[in-house]
Amino acid sequence: MSSYPKTSALMARGREFLGTDHAILCGAMSWVSERNLVSAISNAGGFGVIACGAMTPELLDAEIAATRAMTDRPFGVNLITMHPQLFDLIEVCGKHGVGHVVLAGGIPPKGSVEAIKAFDARVIVFAPTLALAKKLLRSGGDALVIEGMEAGGHIGPVSTSVLAQEFLPELSADHLVFVAGGIGRGEAIAGYLEMGAVGVQLGTRFACATESIAHPDFKKAFFRAGARDAIASVQVDPRLPVIPVRALRNKGTEAFSAKQREVANLLDSESLPMAEAQLQIEHYWAGALRRAVIDGDIENGSLMAGQSVGMVKSEEPVADIIAQLMAESEAALSRR
Ligand SMILES: Cc1cc2nc3c(=O)[nH]c(=O)nc-3n(C[C@H](O)[C@H](O)[C@H](O)COP(=O)(O)O)c2cc1C
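The model shown is predicted, which means the values in this text are computed figures rather than measured ones.

1. Considerations on the overall build of the protein
Here comes step 1: Per the secondary structure count, the protein includes 15 helices and eleven strands.
Here comes step 2: Scaling as 2.2 N^0.38, a compact globule of 336 residues should have a C-alpha radius of gyration of about 20 Å, and the protein matches this with 19 Å.
Here comes step 3: By its C-alpha atoms, the protein is 70 × 45 × 40 Å across when sized along the principal axes.
Here comes step 4: When burial is assessed residue by residue, the protein has 49% of its 336 residues classed as buried.

Structure below.
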């Protein structure tokens, strides 16, 4: 008998799909979601997801093997669709018999979903609009994550509460939908489950867990921050597209705006071709997250964090965080 019967019942389809005790995913976080955090989440009854990010196939191979050595529970792998070696990475997942592959960062390229299905894994997709969600679920996506702009990392323009109202009534009868973005407490989980979600995905709340390898200074910045410190990056020039990233305000976020103005000026004076200018903007952040998470450079690195950062107060073991979320959800449902 589950200690959280009402929550577990509402999570039943999500738990069955993931093969876990609780339908709580820890969303992939580049540099943070590696063997230690991923295995801790899965060992605590949640679903850990390795962030492949810009890893080579060789590095991913080693990370999956190391994670498997630390847990015998299910975990997934998050692949970024524009990775130049996407199909090699899929092959590595196949070699290890990974059960769930999350495709993030854009529309899955032709053949990628089929390549994952070929080794019998489940495909989890993201979709910013209902129309695209329906298309992806028709063409092989097994489950969907909707992620609102409260989230940490790369974000879309719409809030979680609005996405949930748009997507869940349309999709939840026939499809598996997980809700992400801005979830810090179990009461919110209970609400989304009642609306038809089969589970939830959190990132920010887990980033500073005891088992997370994030630098102590990165964690301290999270503990100090409030919701309004987690701001979305701003696009300065219409010619230079910037996918907004939500992160804690620091010198790096200001320098990014300055960099955009500098590149825009070069465009004005025609001293830089457009493609090169856009590339410079894109590459500016490459490595910035690593600088913050691994090196602890919290001034110039990227402190990606969601608005729920204000609810992250101290370092806690993953098992305690999950138990607390489940207990809060259960209490909320019991009061209904
Ligand atoms: C530090 C950090 C890094 C992230 N990196 C990635 C990533 O590499 N790939 C991805 O799909 N999502 C990434 N995300 C998003 C998370 O997977 C998750 O969906 C999000 O954090 C959920 O919202 P929350 O932060 O409000 O809990 C990142 C989030 C954070 C906070």
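2. Comments concerning the sheet that holds strand β3 (residues 75–80)
Here comes step 1: If you walk around this closed barrel you meet the eight strands as β1-β2-β3-β4-β5-β6-β8-β9, and the pairing is parallel. The mean inter-strand angle of the sheet, taken between neighbouring strand axes irrespective of direction, is 25°.
Here comes step 2: In this fold helix α3 (residues 35–43) packs onto β1 (24–26), β2 (47–51) and β3, with an angle of close to 165° to the strand it touches most, β2.

3. Remarks on the nonpolar core
Here comes step 1: In terms of nonpolar packing, the biggest core is built from 105 residues, with V49, V101, L144, V177, F178 and V200 touching the most fellow members.
Here comes step 2: Of the residues forming this core, the biggest block, seven residues, is contributed by helix α15 (residues 318–335).
Here comes step 3: Split by domain, this core shows at least three residues from each of two domains, domain 1 (5–213 + 312–335) and domain 2 (216–307).
Here comes step 4: When residues no more than four places from it in sequence are discounted, the contact partners of L144 are V125, A127, A133, L137, L171, H175, L176 and V177.

4. Quick look at the sheet that holds strand β11 (residues 245–248)
Here comes step 1: The three strands are arranged β7-β11-β10 in an open sheet whose pairing can be described as antiparallel. Both edges of this open sheet fall to β7 (153–154) and β10 (230–232), since each of them pairs with a single strand only.
Here comes step 2: Here two bridges tie β7 to β11, and the two strands are oriented antiparallel to one another. Looking at β11, one finds that G153 is bridged to R246.

5. Section: the site of the ligand
Here comes step 1: Around the ligand lies a shell of 28 residues, among which G27, G152, G153, G203 and G306 are the nearest.
Here comes step 2: When contributions to the shell around the ligand are tallied by element, the ones reaching two or more residues are β9 (199–202) and α10 (204–207).
Here comes step 3: If you tally residues by element for the shell around the ligand, the top one is α10, at three residues.
Here comes step 4: Among the residues forming the shell around the ligand, the class breakdown is twelve nonpolar, 13 polar and three charged.
Here comes step 5: When we break the shell around the ligand down by domain, the ones giving at least three residues each are domain 1 (5–213 + 312–335) and domain 2 (216–307).

6. Considerations on the pairing of β3
Here comes step 1: Counting buried positions along β3 yields six of six residues, so the element is predominantly enclosed.
Here comes step 2: Burial along β3 is two-sided: the face carrying F75, V77 and L79 and the face carrying G76, N78 and I80 are both buried.
Here comes step 3: Relative to β3, β2 runs parallel, the two being bridged by four bridges. Looking at β3, one finds that A51 is bridged to N78.
Here comes step 4: Read from β2 through helix α4 (residues 57–70) to β3, the crossover connection turns out right-handed.
Here comes step 5: The sheet contact formed by β3 and strand β4 (residues 100–104) spans five bridges and is parallel. Note on β4: the bridge partner recorded for G76 is H100.
Here comes step 6: The parallel pair β3 and β4, bridged by helix α5 (residues 86–95), forms a crossover whose chirality is right-handed.

7. Some words on the domain arrangement of the protein
Here comes step 1: Here the protein is partitioned into domain 1 (5–213 + 312–335) and domain 2 (216–307).
Here comes step 2: Breaking the side of domain 1 that touches domain 2 down by element, the ones donating at least two residues are β7 and α10.
Here comes step 3: Split into classes, the residues belonging to the side of domain 1 that touches domain 2 amount to eight nonpolar, nine polar and three charged.

8. Regarding the environment of A319
Here comes step 1: Considering the arrangement of structural elements, one finds A319 in helix α15.
Here comes step 2: Counting along the chain gives eleven residues from A319 to E330, while the straight-line C-alpha distance between them is 16 Å.

9. Structural notes on the pairing of β4
Here comes step 1: Among the five residues that make up β4, five are buried, leaving the element largely enclosed by the rest of the structure.
Here comes step 2: Taking every second residue as pointing to the same face, both faces of β4 are buried, with H100, V102 and A104 on one and V101 and L103 on the other.
Here comes step 3: Here four bridges tie β4 to strand β5 (residues 122–126), and the two strands are oriented parallel to one another. Pairing of L103 across the sheet is with V125, part of β5.
Here comes step 4: In this region the chain leaves β4, passes through helix α6 (residues 112–117) and returns to the parallel neighbour β5; the handedness of that crossover is right-handed.

Parameters and conventions
- Residues numbered from 1 in each chain as written.
- Predicted model: local features only at pLDDT ≥ 70, side-chain atom pairs only at ≥ 80, totals over all residues.
- Helix = DSSP H or I, 4+ residues; strand = E, 2+ residues; numbered from the N terminus.
- Rg over C-alpha atoms; globule rule 2.2 N^0.38 Å.
- Buried ≥ 20, exposed ≤ 12 C-beta atoms within 10 Å, placed from the backbone.
- Pairing = 2+ DSSP bridges.
- Axes fitted to C-alpha atoms, helices over the stretch in contact; angles between N-to-C directions.
- Contact = placed C-beta atoms within 7 Å.
- Core = buried A, V, L, I, M, F, W, Y, C linked by C-beta atoms within 7 Å.
- Domains from an automatic or database assignment.
- Near = placed C-beta within 6 Å.
- Nonpolar A, V, L, I, M, F, W, Y, C, P; charged D, E, K, R; others polar.
- Right-handed = clockwise from strand over helix to strand, strands pointing away.

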